[in-house]
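Below, each chain spelled out in residue letters.
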Amino acid sequence: MARSVEKGDSEMATARPPLPLKTRLIIAAITAATDAACRRDGTVNRRLFNLFDRRTPPNPSPTDGVATADHTVDPSRHLWLRLFSPASPAPGPLPLIVYFHGGGFTFHSAASSPYDAFCRRLARRVPALVASVEYRLAPEHRCPASYDDGIDVLRWLGNGDLVPDLSAVFLAGDSAGGNIAHHVARRARREALGRANVAGLVAIQPFFGGKVASPSEERLGGMPFGKLERFEWMWRSFLPVGADGDHEAANVFGPGSAAADDFEQGFPATMVCVGGWDALQDRQRWYCEGLKRNGVDVRVAEYPDAVHAFYVFPELPDAHKLVDDIADFVHRRMDELSKPVDK
């Protein structure tokens, strides 16, 4: 990825986001574990990373008001989902949020404790059923494996009876999971998904890329989870061998993308969450602009004090504001869907 240096980099290097000491220490530990697990030959030391990636088992007895159960979709590729069910749901049918965890396409799981806790908060607050997808990871499974897994889970849900009401399905994900949610939404417009009706997309600090580094990637590379070299490693790990940063998986409105063709068949209303200390923020705003140019209803939720992955740290006020904002977006979309269509 080529770089372009902006004025003011030295000033930004001395500034720091407002984070508690506990959060800083956790981020430092995760960063060290991730960097140590990324081998120079492009492979991953999963045994090492898994020592730091705490896992939470499913629990049919409600914990914090939410019960969980794991369901196998395709045992041949270890494709499964964890369903989060509120113990005291609101009256009427619940929306379904199909969630894709982050981790640069390479790390973490639907069972990773921070993601289990985040999906639990979503299920309780919205309230909603949340299906967190255990998709295949790179570099063992490169693009488009995770996209294939996402659309297959959506099809499996749409043609099964696990979720009784699928009239309001929301695709959601953070970082790389936000990228996956976008590409699944693209494909969902063209695929037979049974009863599943995709009503909206929630992209939380989605991970997009390009051949040339963005100004925010240069300016905020020293911020938590913002290292440009790590981004480059993850794209090399995920993209097809020989592809560059303008591959349509990374640069969705770039020169190599055919994304505009998808909007002829419509695209769901989208909420994009942007953090003020996130090195990826320029690409997220460019993504919003691309969606708007193609007539998509876009809501941009800004969190000026937020670093990348702020949502997995419940001690941060913005982590709770994000969940409230997602609940508001889901409720608004469901209200719109319930209105009669003028003929």
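The name an unreviewed UniProt entry gives the chain is Alpha/beta hydrolase fold-3 domain-containing protein, with Musa balbisiana as the organism.

Caption draft 1: Region of interest: the confidence of the model for the chain. Confidence in the prediction of the chain, expressed as mean pLDDT, is 92, and 93% of residues score 70 or more. Contacts for the low-pLDDT stretch residues 2–13, under 50 throughout, to residues beyond four places or in other chains number 16 contacts.

Caption draft 2: The pairing of strand β2 (residues 79–86), seen in detail. Burial of β2 is extensive: seven of the eight residues sit out of reach of the surface. Bridging between strand β1 (residues 66–74) and β2 involves eight bridges; their strand directions are antiparallel. For Thr72, the partnering residue across the bridge sits in β2 and is Trp80. Adjacent in sequence and paired antiparallel, β1 and β2 are bridged by four residues, among which His78 carries a positive phi angle near 55°. Inspection of the sheet shows β2 paired to strand β4 (residues 129–134) by five bridges, in the antiparallel sense. Residue pairing for β4: Trp80 is matched across the bridge by Glu134.

Caption draft 3: Spotlight on the pattern of salt bridges. For the structure shown, the criterion picks out 25 salt bridges. The partner of Arg82 in a salt bridge is Asp116, and the shortest N-O contact between them spans 3.0 Å. On the criterion of sequence distance, the pair formed by Arg82 in strand β2 and Asp116 in helix α4 (residues 113–125) is long-range, its members being 34 residues apart. Pair check on accessibility: Arg82 and Asp116 agree, each one buried. Here Arg120 makes a salt bridge to Asp116, at a shortest N to O gap of 3.0 Å. With Arg120 and Asp116 both in helix α4, this residue pair falls four residues apart, about one helical turn. In this pair, the class of Arg120 matches that of Asp116, namely buried.

Caption draft 4: Highlighting helix α9 (residues 281–293). Under the 1.5 Å per step criterion, the end-to-end length of α9 is 18 Å for 13 residues, consistent within 8% with the ideal 18 Å. Burial in α9 covers these residues: Gln281, Asp282, Arg283, Gln284, Tyr287, Cys288, Gly290 and Leu291. On the buried face of α9, the contacting elements are α6 (176–188), β6 (198–204), α7 (215–219), β7 (269–275) and β8 (298–303).

Caption draft 5: Spotlight on the nonpolar core. By size, the foremost hydrophobic cluster in this structure holds 108 residues, and its most contacted members are Leu96, Leu154 and Leu171. In contact with Leu171, not counting residues within four places along its chain, are Val98, Phe100, Leu154, Ala181, Val184, Ala185, Val198, Gly200, Leu201 and Val202.

Caption draft 6: Quick peek at the state of the cysteines. As enumerated under the stated definition, the model contains zero disulfides in all. Not part of a disulfide, Cys143 finds its nearest cysteine sulfur in Cys38, a span of 18 Å. A disulfide-free cysteine, Cys273 has its sulfur positioned 9.3 Å from the sulfur of Cys288, the nearest such atom. Take Cys273: its relative accessible area is 0%, and that puts it in the buried class.

Caption draft 7: Summary view of the UniProt feature "active site" (unreviewed entry) in the chain. In this structure's numbering, the residues bearing the UniProt feature "active site" (unreviewed entry) are Ser175. Given the relative accessible area of 8%, Ser175 is considered buried. Setting aside its immediate chain neighbours within four residues, Ser175 contacts Gly102, Ile204, Gln205, Pro206, Phe207, His308 and Tyr311.

Caption draft 8: Focus on unusual backbone geometry. Across the junction of Val126 and Pro127, the peptide omega takes the value -20°, indicating a cis bond. Along the chain, Pro127 turns up in the loop between α4 and β4. Phi at Asp64 takes a positive value of approximately 55°, unusual for a residue other than glycine. Unusually for a residue other than glycine, Ser175 sits at a positive phi of about 55°. Structurally, the position occupied by Ser175 is in the loop between β5 (169–174) and α6.

So, how was this worked out
- Residues numbered from 1 in each chain as written.
- Predicted model: local features only at pLDDT ≥ 70, side-chain atom pairs only at ≥ 80, totals over all residues.
- Heavy atoms only, no water.
- pLDDT = per-residue confidence, 0-100.
- Contact = heavy atoms within 4.5 Å.
- Buried < 20%, exposed > 50% of the residue type's maximum accessible area, 1.4 Å probe, protein only.
- Helix = DSSP H or I, 4+ residues; strand = E, 2+ residues; numbered from the N terminus.
- Pairing = 2+ DSSP bridges.
- Salt bridge = Lys/Arg side-chain N within 4 Å of Asp/Glu carboxyl O.
- Expected span 1.5 Å × (residues − 1).
- Core = buried A, V, L, I, M, F, W, Y, C linked by side-chain atoms within 4.5 Å.
- Disulfide = S-S within 2.5 Å.
- UniProt positions renumbered as here; feature names shortened; annotations may be inferred.

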